[in-house]
Amino acid sequence: MLVAKRFSLVHISRLLLASVLALAVLLPAGNASAAQAGVPASAKPLKAIQTYQLLDVLAANHGKVILVNFFASFCGPCRKEIPDLMQMRKEIPEEELLIIGVAIDRDIRDAAAFVEKLGVHGSYPVYYGGEDLAQAYRISAIPFNVIYNRQGHIEVSEAGYVPAEDMKRFLMDLIRR
């Protein structure tokens, strides 16, 4: 279930920067590597993104509904959610909805191989945030979605798979506002 929570970009950027300095959230240990998961080893590289760079992307797209999807190669529900997001990208114009994927794997190569295997390249921008960005957003479970309204306020910030129909309905309601 998507629960609306509103914060301004200024407020969230302050929280994120403070979190980077003060919070030490560990991702689950014992994750399978891309090679163990049958993912190709020679994947296109992902661009690494820092917290301040993600905030710049968000600010540059003020006026759009923005969905930031945090995922990892070892996450089963992420494997289900990402193709749904790719389909939404085809159905909803980027002028109205910006989808951003952020991999938080421990190894950028695992993340890149996973993204290539799913064929995400070209659907929407995907970055490697690693554990630093996961800590900044206080992510303790994945998938984790943060949805910003057109005014740049957070409507939703929560973990868990959201069925495609529910996600699309929520996003379309935000777009229509």
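How each quantity is defined
- Residues numbered from 1 in each chain as written.
- Predicted model: local features only at pLDDT ≥ 70, side-chain atom pairs only at ≥ 80, totals over all residues.
- Heavy atoms only, no water.
- Disulfide = S-S within 2.5 Å.
- Buried < 20%, exposed > 50% of the residue type's maximum accessible area, 1.4 Å probe, protein only.
- Axes fitted to C-alpha atoms, helices over the stretch in contact; angles between N-to-C directions.
- Helix = DSSP H or I, 4+ residues; strand = E, 2+ residues; numbered from the N terminus.
- Parallel < 35°, antiparallel > 145°, perpendicular 65-115°, else oblique.
- Left-handed = near helix turned anticlockwise from the far one by under 90°.
- Contact = heavy atoms within 4.5 Å.
- Nonpolar A, V, L, I, M, F, W, Y, C, P; charged D, E, K, R; others polar.
- Arc of directions from axis to C-beta.

Caption draft 1: Quick peek at the state of the cysteines. Evaluated as defined, the whole model comprises one disulfide. A sulfur-sulfur separation of 2.4 Å characterises the disulfide bridge that pairs Cys-75 with Cys-78. What sets the handedness of the Cys-75 and Cys-78 disulfide is the S-S torsion sign, and at about 80° it is right-handed. The exposure classification of Cys-75 matches that of Cys-78, with both residues buried.

Caption draft 2: Seen up close, the packing of helix H3 (residues 76-91) against helix H6 (residues 164-176). Taken N-terminus to C-terminus, the directions of H3 and H6 make an angle of 40°; their axes are 10 Å apart at the nearest point. One finds that H3 runs oblique with respect to H6. Where H3 crosses over H6, the two elements pack in a sense that is right-handed. Along its contact with H3, which presents Glu-81, Asp-84, Met-88 and Glu-91, the element H6 presents Ala-164, Met-167, Lys-168 and Leu-171. In the contact of H3 with H6, the residues fall into four nonpolar, no polar and four charged.

Caption draft 3: Examining helix H2 (residues 51-60) more closely. Taken as a whole, H2 has its buried residues at Thr-51, Leu-54, Leu-55 and Leu-58. In a view along the axis of H2, the buried residues occupy a sector of 100°, so they form one face of it. Residues of H2 that are exposed and point more than 90 degrees away from the buried face comprise Tyr-52 and Ala-60.

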